[in-house]
Structures are given as C-alpha cells and as structure tokens.
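So the chains spell out like this:
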Protein chains: 4
Amino acid sequence: MEKIRVGIIGAGGYGGCGAIELLHNHPYAKIEGLIARHDTGRAISDLYPHLKGFCDLPIAAPDDPDCPKDFDVVFFATPDGVGQEWAPEWLKKDIKVIDYSGDFRFNDPDFYSRYAARIGRDKPHASPWLLPQAVYGLPELHREDILRTNLVGNPGCFAVSCILGLVPALKSRLIAPPSIICDAKTGVSGAGKNPSPTFHYPARYDAMNAYKVSGHQHVLEVEKELSLVAGEEVTLTFTPHVVPLCRGILTTIYGQLMEGIGIAQVMEAYQVFYKDELFLRVFGPEVLQSTSHVRGSNFCNLWLNVDERTGKLVVVSHIDNLVKGQAGSAVQNMNIMFGFEEGAGLMRPGLFP
Amino acid sequence: MEKIRVGIIGAGGYGGCGAIELLHNHPYAKIEGLIARHDTGRAISDLYPHLKGFCDLPIAAPDDPDCPKDFDVVFFATPDGVGQEWAPEWLKKDIKVIDYSGDFRFNDPDFYSRYAARIGRDKPHASPWLLPQAVYGLPELHREDILRTNLVGNPGCFAVSCILGLVPALKSRLIAPPSIICDAKTGVSGAGKNPSPTFHYPARYDAMNAYKVSGHQHVLEVEKELSLVAGEEVTLTFTPHVVPLCRGILTTIYGQLMEGIGIAQVMEAYQVFYKDELFLRVFGPEVLQSTSHVRGSNFCNLWLNVDERTGKLVVVSHIDNLVKGQAGSAVQNMNIMFGFEEGAGLMRPGLFP
Amino acid sequence: MEKIRVGIIGAGGYGGCGAIELLHNHPYAKIEGLIARHDTGRAISDLYPHLKGFCDLPIAAPDDPDCPKDFDVVFFATPDGVGQEWAPEWLKKDIKVIDYSGDFRFNDPDFYSRYAARIGRDKPHASPWLLPQAVYGLPELHREDILRTNLVGNPGCFAVSCILGLVPALKSRLIAPPSIICDAKTGVSGAGKNPSPTFHYPARYDAMNAYKVSGHQHVLEVEKELSLVAGEEVTLTFTPHVVPLCRGILTTIYGQLMEGIGIAQVMEAYQVFYKDELFLRVFGPEVLQSTSHVRGSNFCNLWLNVDERTGKLVVVSHIDNLVKGQAGSAVQNMNIMFGFEEGAGLMRPGLFP
Amino acid sequence: MEKIRVGIIGAGGYGGCGAIELLHNHPYAKIEGLIARHDTGRAISDLYPHLKGFCDLPIAAPDDPDCPKDFDVVFFATPDGVGQEWAPEWLKKDIKVIDYSGDFRFNDPDFYSRYAARIGRDKPHASPWLLPQAVYGLPELHREDILRTNLVGNPGCFAVSCILGLVPALKSRLIAPPSIICDAKTGVSGAGKNPSPTFHYPARYDAMNAYKVSGHQHVLEVEKELSLVAGEEVTLTFTPHVVPLCRGILTTIYGQLMEGIGIAQVMEAYQVFYKDELFLRVFGPEVLQSTSHVRGSNFCNLWLNVDERTGKLVVVSHIDNLVKGQAGSAVQNMNIMFGFEEGAGLMRPGLFP
C-alpha cells in the first residue's frame, strides 16, 4: 500500500514537531511537506536537531510555489485563526484537514463566538459554513463521525483530560452535573515554543501558579461535550495551574455522587465505557498513578477514587499534553479518517525515567 | 536583654535546619543545644554545610549528659510520636515546648486517635493529660491562647494553607461548608530528609501525582479548626498532590457561595479579618500570584476569585511549606509565647529567582 | 524470520527498563524472560507502569524453574559482580551474553583488579578464563570482534562519551595524550533506581557537584581503549559531575593540539573516522549543541572546537546515558552479534521538548 | 549613625532585585531611589512581589525630576554600556559608583576594547578618563584600593569563581600558568530577566550545553587579574556551560602542578592566603562540596584536590552567581568603600533545601 502524503502547516512549533516525531516512521503515512511563516528555507532538523536524519525537510512559506501541495491530509498545527482562514482552499482540493486550534471545535458560529471572546478574538469565524461538517476530534466520543468527515477540530489539551475523566460518570448518571470541579495542572510545554516572561526559565523555576481562574477557553468545549453526554446543560468550575515540569496534564476532577453510588459502580461504569479503547487505562483506588506513566505516550490514565466521607467522586486524569493532548490525538484522528488501525504509529510507551 | 535559650530536638531534619536558619540571628533568642538520635557528635554544619559559620553546634544524643538542658524553650522538630513521649519531662522543668508533629494539635485524646489511625499509629496518646493545655499553633486564630500556654502543637503544612484560605469565608458565612474542596499541590521538600523511592530524583523528575485521595491526616485539623470558626461541623474534600519543585504549597480552595455574595463581599471579609496580620497578604482577582512570591518567607498570600458562572469562591492559597508551613510558624509561635514582637527573626523576603 | 529470544537479568533496574523500551517492538528480537532478585512475581509493568500493554511479563527469580531459559541472548543489566558469577552457565548453553557492568570490559584479570579496587571490590574476578574472549562493546571501535564473540562487556556511560570524543584526535595524532582532560557532567538517571541521600529530590534540587575527583572507575576503560588507539599509554584527568537533569552526559574534552593543527584538520579527522557510523553526528564550531538533541536516542553528537589562543582542542560530547550510554549500546551490540542491521529497534529521535 | 543613601540604577533586573534583597535591612544603608528605563511608575514589589512590605519604592525614569538624587552611592545594575555613559555625572556630585557590567573592570582603554569586541560592542569607551581610577571589585585581591576609590567595576560572575579558585595556586607558584583550564557550569539565573529562546522553560528543561567555547568575555578579566598575581602573562582555556538549575556557578579548574607539589602544599597555600577572608571557605579532598552549600549566600567554597596520577591540581569553586557573583559582591564593595564591617547585611546562610 502506498503511504498517504501528509502536509504540516505551522510545522515549526511544538505541535508540528510532535507530529513529525510520530509520523517519521508511521507505517501508512509519510510527511511530504512542511509549511510555516517563520524559519522558511531552513531544515526542520535545524530547529529541532533531534530530528536530524529522521526528518530533514525544509520549511516552505505558505505561498512557496515549490512546496508540494498534493497532500492527502494537512495538519494545521497553528494557533487560533489560521485554520479558519486557510482550510477552505485545502478542502476544496479534496484534502482532509485536522486543525489543532479552537477553529473547528464547535459546529455553531455563535458558540464559537463565545470561545473567541475568551481568547480575546473579536472577529467572526472566517469560514462559518464549514462548522457544521467539522467534527470534534475526540475518538472516544466521535469515532464514527471522524471516520466520515474531512475536517476535524483537534481537542484542547485540558479538554481531553477533563472530558475523558468525566464522560462515563455522566453517561451513567453517577454524579450531579452542577457539582463538577476540574482542577488541572499542566507542565510548561503547553506554553508552546515562543519565549515569554511567564515561561522564562529562571522566573518559572521552583514556582507554580493558578491562572485564568474561571476564564480559560477550554472549559467551553468541555461543557459542550459533557452536555451532550449528560443530556442536560453542564456548567462546571475549571482552574488551570502551571507547574514546573515539561510534559503532562494531571486533572483532579470532583463531582458529588448520587445517593448510593460507591466505588464499585464507579469502576464498572468506567471499565465498561472504555473497554474497547486502545488508549484509555482505568485504575481503581489502590494503584497510585503519576503523569510519568503517560509521558511520551498517547495514553490517558484514569485513577478512580471515592471520598466516602463527603460523597465525592475524585477522578485523577493523566495525559501527555503534547501527545494525547495534541499531536497524538491528531495522528489518531488521521488514522481513523483513513481507515488505518487506530494505533498506527502511536504504540510507544514513552521514556522512563 | 538576655536572649532566651532554645533547644532543638530532631535537629538533623529539614524542620530543624529551617529553625536554625531563622534563629541563628534572631534578636531575642539563641540556639543553645541540638539534640537528635542520628549523627550524634557531628556538627550540624557537617550535615548542612550552608550553616557553617552560622551554627556549628554538635548534635547531642537525647541522653548525652554533656548536652546543655537549661533551655527556655524546646522545639520538637520530630515526627509523630516523639513529642508526646518526651515533652512531659521538659515541661516539668518549666521549659516551653513547641512540637512540629500532630502530637499536640488536638485537645481531645479521642480526636487524636482518629488522627493516629490515619498515620497508621495504633497506640493511644502517651501523654493525654497534656492535651487540654496544648494550643493549636496558628497565631491568626489562637494568638491569645498561644501567649498563655507552654505547649504548642505547630500546625501541619497543608493545614496552614487550607485554614488560612478559608477562615474569613466561613466566619462571614460566605460559603456553604459542605461544598468545600481543597486541592493542594506541594513541593518535594515536604517529604523531609529521608530518601525513599517516591522522592528519588530520577523517579520524581518530570512527574506529578495525587496521593492519599480522601485519606490525608491533615484534613482532620483543618476540619476541627474550621468547625470552630463556622460554628457547625465542617467536613471537606481534600486532595494532596506532589509536583517537582522544592518549596511551596499552593492550595486551590473551592466553596459554593451563598446567594448574593460576590467578589466585593469576599474581598472585604478577607481584608477585614486579616487587616492586622503581619504575614497575610490578600489579593483580588486582577493580581496573579505564584508560590515564588512566598518562597523562603513566612507569608501566606491569598488570591481571591469568584467564578460567577458557577457561583463558586475560588481561593488560591500560597505558602512556603518549610517556613509558614513549619519552622516559620514555630518561630512565630515562640515569639508570641515570650512576648517578643511577632515578626522577630522572620522579616525576610526570600530569594528570587 | 523468527525473532531471537532475549532474556533480561536484573530487569527491575533502569538498565532493564531501557532495554525493554527498545526491544518491545524490535523487528528481529522479542523479550522472553525477565529475571531479578527483587520484585519477583510482579509484572514489570507494575514497576514501570508506562510499559503496561507493551511488556507485562512477570519477573522471575534467578532460580525459578518456571522461568523460560532457552534464550538466544541474555542481557545482564546488573551491577558489578553479578555477570562474572553467572555468565558461565549461560555461555555453556550457547547463549550469548551482554553484560552492562565492568565485569567483562577488560581482557586481563590484573587490569580488572585495578578496576575492582576503584569500586571497592576486593575479590578476584570470578571467571577470569572468560576475559580473553570478552569484547569491549563499543561498535565504533570493535565491530568486527563483537560480531565474532558471544560475550560483550557493555561500556560505561562516561566512557562512551569520552572515548567517542577522543578517538579520531588520537588516531590522527592531533593532540598530545598527556594533556587530555575530560570534564563530564551527568544527569541523575545514572544513579540508577535505588534511593540514596545524594539523589533524594529535595537534596539534589538546584544543586550540582563534582565527585570522585581523579578516582572514578570509568577512567580505566577510557585509558585502555585510548592507549590502543594512540599506540602509547594514555593517562588522563577525568572529573565527573552531577547536575539536576534526568538524562544526558555532556563531556567537555580538552587536549593540547600538535603544532600546526587547526579546526580544518580536526573536522576532517572526525568526519573521516565516523563517516560510516550510524549513531555519530559531527558538528563544527558554528552549530551549538545540547544534550536535548540526543535525549531518548542512541546518538552521540560531537561538537568540535579549537581554542586558538591556547592551542587547545575542545570537543563537547553528548549522549543519553541510558541509551547510547547503556541500553542502546547493548541493543546495538546485540544487533551486531546476530548480524541484524545495526540500527534495528534503535531508530528513534527521542522527544522534544 | 545615619544610614547612607543608596540609589539603584537598572533596578528592575535580577541584579537590582538581588541588591534590594540584601539592602532592605542593611544596618548602615538604606535604599532611597530606584531608577530604570522600563516599568517606570510601578512599585518594585509589583515586579518582584516577594519584596512587598520590604521595599515598595516606585521605579523612576532616569530623567524623572521627582526621583531623589542625593545618594551616597549608586549601583549600576545595568548591562554593558550604561555605566560608562552615566557614571560621570554621579561621580561629579561626589556620589560613589559601583557598576555591575564590564564598563569599569579594566584600567586601560585598549584592554577594554578587547573586552568590548567580545561582546560585539564596537564603540570606544565613553569615559576613558575614568578608567585609571576604577578598581576591580574583588575584595580578596583589591581591598585597599576599593577602600580608596569612588568607582568600582564589580567583577563578572564566572570571573569571581575562576579567580578565587586560582589566586593562591599562582601566588605560591604551585602550577604552570599555561596549563590552566576552567570548565564552568552556571545555573540559568545568569541569563537575567529577559526572555529568550535559549532560556525558554520547555526548551531548557532536561538540557545542558556548552557555549562560547573559547570566546566568553569574562576570560579577559580573569587573565588580567591572574597575570598580576602570577607576575607573568596568563592565558587560559575557559568553557562556560548552562545547566538547568537556578542559582550557582561551579567551576572546575585544572592546572599542572609543579614538580613535587602535593595536596599538603596546596592546602597550606589556600588556607594561608584566605585565612582572614570572611567569605571564603577552603576544603580538602575528603569533604565533597555542592553549589547548594552556597546558594543564597555570599560565600565562595573551594574544594581542593590533586590528581596524583596526572599531576594535576583540581580546584572546584562554588558560588551563588547572583550573590558573590553579583549583588553580594557589590554590597561587600560598598561596605568596604564606606568603612563598614565587610559582612554587614551579608551574613545569611541561604536556604536549604
């Protein structure tokens, strides 16, 4: 079988790098072109020297006539606003699109506007007619739709950790939706590649902080997805934190258990819901989990606990924000869209220590 | 004025080291003796070379006849179970006692037994007759009692961060007690000095985890203190996490706001309650906080937020676990017990970066 | 082709874990048995949860009759002294042996005794008759011998970084052997899995130190190998340091250049010597290097510089101590011993960031 | 005694912050004014919140007429080029000047030009007439001159670590000057406050690198000072490295010992030379040292070793780059210039862990 041809737009950022790490030896896909606005003309392995010998393609400007364009799929590993501008011309050529940003996570322009407001973007969506066909790229919820679409909005990293940690509980009506609190801690790689005072090494060293208390943009897609699952409007409290490690999101999720629900029912609900999922691992209270168990891999590990004194469900959700939270999900979506086995190119355990 | 003489028992651990860092140039106190079971005969500055020239006292065994014993106060910088065994003989000689462990945080032997059970200790308290006179060493709540007692149970590090973050809200009845959730993140120094697989550098690197979900022992003193403040029994959900930094506890505290309470009332309640407190800093939503602002100092910084969508109070509480969470509190308690100005020896800003 | 069967002895340590990470999807080899003294009966993925689903074999005690023993090759991922005791019985059964320790790095029992003295081992070698056939497992120097032997002594991590950084310079007589200084910095993972006060997270945080100044055991194998290359006895100064990162050895190597030698000759010597090497990358002065470029991969990156003011060659050598410095070299040696392509199972770029 | 009035120019950087941490409770000095080009009008404690309550002065623009100017001394905590421009007008008003940069480290404009070339500065010195009176601010070498001058060029952080580690050896002719190699490792705080790709947290995490091999500017002041001590021209090899910790420089210094010199003579030379120095600690081979022993303090710890096999002196020099390597030295120089006891405001042990 001939490999499909993949183009990566925004190839110079961590999201592009992550995709290359996964695709350089993918059994059914090969990287054919790298496109970005910065560092054009340079080999990607100049920017990311660990890729030397694995991927040495040059970065082409978006309008470079020499850049190959006959892809089967393009990854928009770009910030908000880019995909909505340029996706139409790729789609027109029958090229599938997977976008990392919030541009295609919502089917409704009005809902998108609420999201846009949270990130300080005051323009309407540039391609609203595409939204109805866009699928939210969380395979565990929308596998069938991903298979049928040509446009996927890859989910936000925090959102992946929250949604996967909550869906079975809501599906099985184990908890009361208004009680949900998600307390998320992320490593610094989520900040992306561009330097800033907040992520300057000395300033961040030995330091942790909460931020965007009650205002983070990912909460909207979490609520949207969970509302669908719960069959009622879910509004939740979400607090992101940055801690000084590199890869990993740990989200501690709290919900008030319905009368009579204990750990046994919780375990069953999660095990049943995820029983066929390749990248979900469900653990009961006795097995302590850590983000190091998923570092570098596409897994989401869920650690289920019940606080009997207060009747709370406490789910601790662990992902690598750059893999299951970004490039890994994108590759998983690509696999589904093309009918490959879902784990192709993704079956690696990461590194320890 | 002659300086009071301080003895430190359990001097070889981080809690002893922290006390020495604060007391070596205290205006009214001097360290007269260091006592421990391990490393006897060695200078403390052999164990902690940064102290060389600041404190070079030898470590004496508890039964060493040459060790000075005529202290005015002893710090038990020891694990659970030591203070309750040995405090009586110091108190008999009219020497004040400040104990770092849970041994004297409770006035009631039965309540203590609940605590003991959580730390896997199945013996009854060794000196139950002392408990009624023991004062919980949180000056912001018990200053008057600390002034009058000769026996202080220094609070747990997590407990300090939770209690200080919640008291004004409960005092002013801003939140519903059953809704309280404390999500705490601690640096690794809380693990103390002894190596373990969990705190082995390679194993901990780039890793974070929750632990003792619903089972941490500090929750009991938090509930006890908050119940006193609230005038009703408070039971709360508490989840500790370890993140790979050295110093700092950040606790994110959630509570359901009473009808009609907004950020203005929250700000006022906290500002009024803490207006005369030397070591509390209260910040409104607009000023992002970080544990690096309190690293190395005795301050507790509270960042107040309201999530209007969900009606939640979100208080982010920041301390240095080894200072306000341990040795700093102990010195603050000592200052109060002896009538010194409360900040003596404690007015340092820490280091940045 | 049927895959060869690999057994790993000492499977519970980082060296065993590293081998499993590389072998779990090796095209020509499969892990058939894990043997260790500790944690017997437990699945390896209980100790290293990131391996769950990739390798879940149980750990068998060395004398466990149920443990499969019909391997084609065994890895002794064990500390000094184990391989020399137990290798004979595997070799007798015609099973190849790759030993991670210093047990088989020397062909001469007397030379071995010098090594043993440095690690505080005062017993003679347990299987001295095996030493003549043992090959020092650095493919870049001994590929032909590795191909023909059944017993490989895998090199020390520091030694790999020093030898690869120096061989071309000595081969081409660019520098004066007595002038050589190797200043090595290693991450903490080299400490292995067992906790110790020196590698306790809080004690190691924000701290770096030199150790074993002039006394590290790896210097002997460096001198032995370099003496062979130089055709004269090489004695060098070597100082190891520990810095608080996880993976990586950076060794800065200094040597006095022979009259008239400049960067051009240096570049040529290295490029020629390593021109067919899969895992060596040679860089000139203009391209700054970092250990992050080799983290997680089997590469050794050499950064060549000349200090014209002082006539010094300055080679900066970068490896991942757990891959090229340990398990990666072992797998590379295995590939050679069995006639596989040398990079089988090893062609991964690592992770960034 | 009235306290002297200190002004800090360039107050917003780490060097200004470090001075404030030391001066906020100095017994004989008080901070009267903070001057900088950026963040004018903001309180310094807005930039560095840990200073809140300790120093809340506003930052004034250099030309702000409301800014107090009647200082007794100004610290130029500024990058190269600022002090040479503005020092004259302060000196004219009889205000002493301590400059952190290379502007006043050399008495000779030509020598300065060599330095300027290394930092890419192609203009001649702006105030060359001041150079003869400028004193290199290393008290251990130039105490008498510092006492008599009104203009001090505070030494470079790497230079402090190298010079203090080498002076006694050269003074006592223990080593051959041409053989000297300084291999320096610094934490990231030396990068200063401004973000850059190289010090972006994710990019720097788990990474170390050498840089400016043979080209770092600090080597010139090291050579100048050591040449004075040795009575002959000293040219040395110097390689800086960055490792991912925050505070600390560890420099490993190598020199060929003269015939017949052993550890005893080395120990004696260093102990004698530094016997009256407040901030130097000299250790023999048996006591392993670490940068954590000097973190947060003004000490330089020297660990003396001899490699008998190769006849090399190996001195490991440890400082906190932001204290003895910068603000601490500046305060020490101020103390000397004003006749205060040299350790005033500087006698703190730092924090551990």
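Before reading further, recall that the structure is shown in the block above.
In this text, all values refer to a predicted model and were calculated from it rather than measured experimentally. (Residues numbered from 1 in each chain as written. Chains lettered and ligands numbered in written order. Predicted model: local features only at pLDDT ≥ 70, side-chain atom pairs only at ≥ 80, totals over all residues. Heavy atoms only, no water.)

1. A few points about the sheet that holds strand β8 (residues 181–186) of chain C
All names here are of chain C. An order of β9-β10-β8-β11-β14-β13-β12 is seen for the 7 strands of this open sheet, with the pairing classed as mixed. Only two strands of the sheet have a single neighbouring strand rather than two, namely β9 (209–210) and β12 (280–283). Here 8 bridges tie strand β13 (residues 300–307) to strand β14 (residues 312–319), and the two strands are oriented antiparallel to one another. Following the sheet pairing, C300 is matched in β14 by I319. Its contacts with the sheet place helix α6 (residues 157–171) against β8, β10 (237–242), β11 (249–256), β12, β13 and β14, and it is angled at close to 35 degrees to β11. Sitting on the sheet, helix α9 (residues 263–273) touches β12, β13 and β14, and the angle it makes with β13 is about 160 degrees. (Pairing = 2+ DSSP bridges. Helix = DSSP H or I, 4+ residues; strand = E, 2+ residues; numbered from the N terminus. Contact = heavy atoms within 4.5 Å. Axes fitted to C-alpha atoms, helices over the stretch in contact; angles between N-to-C directions.)

2. Concerning the pairing of strand β5 (residues 96–99) of chain B
Residue and element names in this part refer to chain B. Sheet topology places strand β4 (residues 73–76) next to β5; 4 bridges connect them, and they run parallel. Bridge pairing in β5 places V74 opposite V97. Between β4 and its parallel partner β5, the chain crosses via helix α3 (residues 83–92), and the hand of that crossover is right-handed. Two elements, β5 and strand β7 (residues 151–153), share 3 bridges in a ladder whose sense is parallel. Within β7, the position partnered with I98 by the bridge is V152. (Right-handed = clockwise from strand over helix to strand, strands pointing away.)

3. Concerning the pattern of salt bridges
As enumerated under the stated definition, the model contains 68 salt bridges over all chains in all. Of the charged contacts in the structure, one is a salt bridge between D39 of chain A and R42 of chain A, with a shortest N-O distance of 3.2 Å. Note that D276 of chain B is salt-bridged to K275 of chain B, the shortest N-O span being 3.8 Å. Of the two residues, D276 of chain B and K275 of chain B, neither departs from the other in class, the shared state being exposed. Here the residues in one salt-bridge network are D183 and K185 of chain A together with D183 and K185 of chain B, joined through shared partners. (Salt bridge = Lys/Arg side-chain N within 4 Å of Asp/Glu carboxyl O. Buried < 20%, exposed > 50% of the residue type's maximum accessible area, 1.4 Å probe, protein only.)

4. Points about the relation of the copies chain C and chain D
Under the fitted operation, chain C is carried onto chain D by 0.0 Å of movement along the axis and a turn of 180 degrees, and the coordinates agree to an RMSD of 0.0 Å. The relationship between the two copies is best expressed as a two-fold rotation axis. (Least-squares fit on C-alpha atoms with pLDDT ≥ 70 in both.)

5. Overview of unusual backbone geometry
All names here are of chain A. The omega angle of the peptide bond from F352 to P353 is 0 degrees, so this bond is cis rather than trans. Looking at the secondary structure, you find P353 in the segment after α10 (323–337). Located in the positive-phi region is R173, a residue other than glycine, with phi close to 55 degrees. Position of R173 among the secondary structure elements: in the loop between α6 (157–171) and β8 (181–186).

6. Describing the sheet that holds strand β9 (residues 209–210) of chain D
Residues and elements named next belong to chain D. With mixed pairing, 7 strands are arranged side by side in an open sheet as β9-β10-β8-β11-β14-β13-β12. This sheet does not close on itself; its edge strands, each paired only once, are β9 and β12 (280–283). Of the strand pairs in this sheet, strand β11 (residues 249–256) and strand β14 (residues 312–319) are connected by 8 bridges, and their pairing is antiparallel. Across the sheet, the residue bridging to T251 is S317, located in β14. Along the sheet, helix α9 (residues 263–273) contacts β12, β13 (300–307) and β14; its crossing angle with β13, the most-contacted strand, is approximately 160 degrees.

7. Here we look at the interface of chain C and chain D
Chain C puts 55 residues into the contact, and the matching count from chain D is 55 residues. Buried surface at the junction of chain C and chain D, summed over both partners, amounts to about 4000 Å²; 59% is from carbon and sulfur atoms. Among the residues of chain C in contact with chain D, D206, M208 and R309 of chain C are the three that bury the most area, contributing 20% of the side total. Here chain C is connected to chain D by 6 salt bridges. (Buried area = accessible area lost by both parts, 1.4 Å probe.)

8. Quick notes on the side chain of E221 of chain B
Note that E221 of chain B resides in helix α8 (residues 218–230). Those residues within four positions of E221 of chain B in sequence are excluded, and the remaining contacts are R105, F106, Y115, Y136, P155, G156, A159 and I163 of chain B.

9. Regarding the packing of aromatic side chains
If you walk through the whole model with that rule in mind, you get 62 aromatic pairs over all chains. Taking 5.2 Å as the distance between ring centres and 25 degrees as the angle between the ring planes, the aromatic pair formed by F106 of chain C and F111 of chain C counts as stacked. Put simply, the rings of Y201 and Y205 of chain A, Y201 and Y205 of chain B, Y201 and Y205 of chain C together with Y201 and Y205 of chain D touch in pairs and so form one group of aromatic residues. Between the NZ or CZ atom of K96 of chain B and the centre of the ring of F338 of chain B, over which it lies, the distance is 5.3 Å. Lying across the ring of F299 of chain C, R281 of chain C places its NZ or CZ 3.7 Å from the centre. (Phe/Tyr/Trp six-rings, centres within 6.5 Å; stacked < 30°, edge-to-face > 60°. Lys NZ or Arg CZ within 6 Å of the ring centre and 35° of its normal.)

10. So, the relation of the copies chain B and chain A
When chain B is fitted to chain A, the best match, at an RMSD of 0.0 Å, comes from turning it 180 degrees and sliding it 0.0 Å along the axis. The residues that chain B uses at the interface reappear at the interface of chain A in 100% of cases, marking a shared surface.

11. Things to note about the side chain of R281 of chain B
In this fold, R281 of chain B is placed in strand β12 (residues 280–283). Discounting chain neighbours no more than four positions away, the residues touching R281 of chain B are H293, F299, C300, N301 and L302 of chain B together with P49, H50, K52 and F54 of chain D.

12. Some points on the packing of helix α6 (residues 157–171) of chain D against α9 of chain D
The angle between the axes and the distance between the axes are what describe a pair of packed helices. Residues and elements named next belong to chain D. Following both chains from N to C, one finds α6 and α9 inclined at 110 degrees, their axes separated by 9 Å at the closest point. Between α6 and α9, the angle falls in the class roughly perpendicular. The hand of the α6/α9 crossing is right-handed. Contacts between α6 and α9 involve L164, G165, L166, V167, P168, A169 and K171 on the former and, on the latter, A269, Y270 and F273. Across the contact of α6 with α9, the residue classes break down as 8 nonpolar, 1 polar and 1 charged. (Parallel < 35°, antiparallel > 145°, perpendicular 65-115°, else oblique. Left-handed = near helix turned anticlockwise from the far one by under 90°. Nonpolar A, V, L, I, M, F, W, Y, C, P; charged D, E, K, R; others polar.)

13. Remarks on the interface of chain B and chain A
Each side of the interface is counted separately: chain B has 55 residues, and chain A has 55 residues. Buried surface at the junction of chain B and chain A, both sides included, amounts to about 4000 Å², of which 59% is carbon and sulfur. Together, D206, M208 and R309 of chain B form the three largest contributors to the area buried by chain B at its contact with chain A, with a combined 20%. With its nearest N and O atoms 2.9 Å apart, the salt bridge here joins K185 of chain A to D183 of chain B.

14. Observations concerning helix α6 (residues 157–171) of chain B
Residue and element names in this part refer to chain B. Between its terminal C-alpha atoms α6 stretches 22 Å, which fits the 21 Å expected from 15 residues at 1.5 Å a residue. When the local axis directions of α6 are compared, the greatest deviation, roughly 30 degrees, occurs at G165, which is followed within four positions by the proline P168. Within α6, 14 of the 15 residues are buried, which leaves it mostly tucked inside the rest of the structure. The first or second residue beyond α6 is R173, which carries a positive phi of 50 degrees. (Expected span 1.5 Å × (residues − 1). Bend = angle between axes of the 7 residues up to and from the residue.)

From the geometry alone we can't say anything about function, so treat these as descriptive.
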